[in-house]
Number of protein chains: 2
Amino acid sequence: MARTTGSHADITRPRIRAAALSLFARHGYAAVSMRQIARAVGVQAGALYNYTPDKQSLLFSLLKGHMDDLLAAFEAERFLGPPEQRLEAFTRFHIRFHLERAEAVFISYMELRNLTEENFTVIEELRRRYEAALEAILREGRQAGRFTVPDTKIAALAIIAMLTGVNTWYRSGGRLSQGEVEAIYWDMVRKSVS
Amino acid sequence: MARTTGSHADITRPRIRAAALSLFARHGYAAVSMRQIARAVGVQAGALYNYTPDKQSLLFSLLKGHMDDLLAAFEAERFLGPPEQRLEAFTRFHIRFHLERAEAVFISYMELRNLTEENFTVIEELRRRYEAALEAILREGRQAGRFTVPDTKIAALAIIAMLTGVNTWYRSGGRLSQGEVEAIYWDMVRKSVS
DNA sequence: GCTTGATTTGAACGGGCGTTCAGATACCCT
DNA sequence: AGGGTATCTGAACGCCCGTTCAAATCAAGC
């Protein structure tokens, strides 16, 4: 009989994913070899191929997983109430979610060009869906006369770029707590669409 | 006597830099080989080493050149007048300058991690100087009672992240002209610090 | 405790990497 | 016309790459 419980795969697979995520974030996909990932896991390079058909699929799986997590977490939040409240919830959610997974966020932006065209299309569509969710909030706020936004599509992209920028400088234990950072950014976001 | 005018170096050097810039932007520093760069220039790989001691120096030179250009162009603008006017000038300058050199901007963000520690420090310091220039505008505007900014340091980073985000979606010939984009972003920046 | 299949090893494959350098080439100068 | 040097070629160096696969190892169920 096959071993179904407690098999090494249950342990090795996440360790490979974690090692690949960390190494890709630190050195870049192209600069990291399968042997380096294997070494980080404590295994020979050949063993990785029990878990991924190739290096490209490993990258794609990490990015796809990250985007799926993002959309799932977003939808689980169920933003309710008036537009201002929903925009604030989005702002705080975005900062919190992205700070919690800095490495995944990093490679999701940096390694897009290392995806095959087919894989890139998939990730881009998921990202587009997330952007559309923010744009919907802005559009409804504008229709309700609560927001003044010349172009909701661009405003959505601008806000996301601004918020994601937190990841480039925030370090926990620094001058500001995460809550303070959220408050500062919410202040700017709120005013920028008022 | 040495050939001093019309030497091939005057032609080859910029072609190497242009090819490297373009290839690094498209595929990433680590994924591009010296042989690929040479092929794009129409030369053998060995010839590149008449112009750069090694691949790392070539990358650093491109990034350093970009940052020097940025600071030189910024200082040449001589932002004058009241804080609002200077902030608007900064906003439009940033968008214009960055859209004009999308490839250099791209690698200046993406390839920082492929710099040696020493080279990274140099680029980081130049970037810090640019950020400080924006922060100075915000700080003076706040002191003059024209801006409401809870944290000028973070506001500067947030604004720069928002503005640089234009590069990820803007394509000339698209729905909006560059002037329209500048106007939309200036509207958001202005309000965000009001 | 043996069988069986999941998991891993370790070696090999062809190929590309960054860099070096002796020799060939091309062009300016006298 | 010929000398001299800036520039380039082409081959070579040792090394690492992604991937494959037969054989070894391991652990669960009988």
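Everything that follows concerns the structure shown earlier in this document.
Residues numbered from 1 in each chain as written. Chains lettered and ligands numbered in written order. Predicted model: local features only at pLDDT ≥ 70, side-chain atom pairs only at ≥ 80, totals over all residues. Heavy atoms only, no water.

*Asks:* What am I meant to see in the relation of the copies chain B and chain A here?
*Replies:* Two copies of a chain can be linked by a rotation about an axis combined with a shift along that same axis. Between chain B and chain A, the superposition needs a rotation of 180° and an axial shift of 0.0 Å, giving an RMSD of 0.0 Å. Between the two chains, the operation in question is that of a two-fold axis. A high fraction, 100%, of the interface residues of chain B reappear at the interface in chain A, so the copies pair face to face through one surface. (Least-squares fit on C-alpha atoms with pLDDT ≥ 70 in both. Contact = heavy atoms within 4.5 Å.)

*Asks:* How should I be thinking about helix H4 (residues 83–100) of chain A in this particular structure?
*Replies:* An α-helical turn contains 3.6 residues, so any two residues separated by three or four positions project in the same direction. All names here are of chain A. With 18 residues, H4 extends 25 Å between its outermost C-alpha atoms, agreeing within 8% with the 26 Å of an ideal straight helix rising 1.5 Å per residue. Listing the buried residues of H4 in full gives Pro83, Arg86, Leu87, Phe90, Thr91, Phe93, His94, Ile95, Phe97, His98 and Leu99. On its buried side, H4 packs onto helix H3 (55–77), helix H5 (102–110), helix H6 (117–143), helix H7 (152–164), helix H8 (166–169) and helix H9 (178–192). (Helix = DSSP H or I, 4+ residues; strand = E, 2+ residues; numbered from the N terminus. Expected span 1.5 Å × (residues − 1). Buried < 20%, exposed > 50% of the residue type's maximum accessible area, 1.4 Å probe, protein only.)

*Asks:* Can you help me understand the pattern of salt bridges in this one?
*Replies:* It is possible for side chains bearing opposite charge to pair when their charged atoms get close. Residues and elements named next belong to chain B. Overall, the coordinates contain 29 salt bridges over all chains when judged by the stated rule. Note that Arg96 is salt-bridged to Glu77, the shortest N-O span being 3.7 Å. Residue Arg96 is found in helix H4 (residues 83–100), and its partner Glu77 is found in helix H3 (residues 55–77); the two are separated by 19 residues along the sequence. For Arg96, a relative accessible area of 29% gives the class partly exposed. Judged by its relative accessible area of 36%, Glu77 falls in the partly exposed class. Here Arg139 makes a salt bridge to Glu135, at a shortest N to O gap of 3.2 Å. (Salt bridge = Lys/Arg side-chain N within 4 Å of Asp/Glu carboxyl O.)

*Asks:* How do you make sense of the packing of H3 of chain B against H4 of chain B when you look at a structure like this?
*Replies:* When two helices pack together, their arrangement is given by the angle between the helix axes and the distance between those axes. All names here are of chain B. At a minimum axis separation of 11 Å, H3 and H4 run at an interaxial angle of 145°. Read as a crossing pair, H3 and H4 show a hand that is right-handed. Along the contact surface, H3 presents His66, Asp69, Leu70, Ala73, Phe74 and Glu77, while H4 presents Phe90, Phe93, Arg96, Phe97 and His98. The residue makeup of the contact of H3 with H4, split by class, is six nonpolar, two polar and three charged. (Axes fitted to C-alpha atoms, helices over the stretch in contact; angles between N-to-C directions. Left-handed = near helix turned anticlockwise from the far one by under 90°. Nonpolar A, V, L, I, M, F, W, Y, C, P; charged D, E, K, R; others polar.)

*Asks:* Just checking my understanding: could you explain the packing of aromatic side chains for this structure?
*Replies:* Geometrically, a pair of aromatic rings is defined through the distance of the ring centres and the angle of the planes. Taken as a whole, this structure holds 19 aromatic pairs over all chains when the rule is applied. Between the aromatic rings of Phe24 of chain B and Tyr29 of chain B, the centroid separation amounts to 5.2 Å while the plane-to-plane angle is 65°, which identifies the pairing as edge-to-face. With 6.1 Å between their ring centres and 70° between their planes, Trp169 of chain B and Tyr170 of chain B make a pair best called edge-to-face. Taken together, the ring pairs in this structure connect Phe74, Phe79, Phe90, Phe93, Phe97 and Tyr130 of chain A into an aromatic cluster. The ring centre of Tyr29 of chain A lies 4.5 Å from the NZ or CZ of Lys55 of chain A, which sits over that ring. (Phe/Tyr/Trp six-rings, centres within 6.5 Å; stacked < 30°, edge-to-face > 60°. Lys NZ or Arg CZ within 6 Å of the ring centre and 35° of its normal.)

*Asks:* Explanation requested: the side chain of Asn167 of chain A in the structure shown.
*Replies:* Mapping Asn167 of chain A onto the fold places it in helix H8. The residues touching Asn167 of chain A, leaving out its near neighbours within four places in the chain, are His98, Leu99, Ala102 and Val105 of chain A.

*Asks:* Please explain unusual backbone geometry as it appears in this structure.
*Replies:* Most peptide bonds are trans, and most residues other than glycine sit at a negative phi. In this structure, Arg78 of chain A is a non-glycine residue whose phi angle is positive, near 50°. Tracing the backbone shows Arg78 of chain A in the loop between H3 and H4.

Such coordinate-based values are descriptive only and should not be taken to indicate function.
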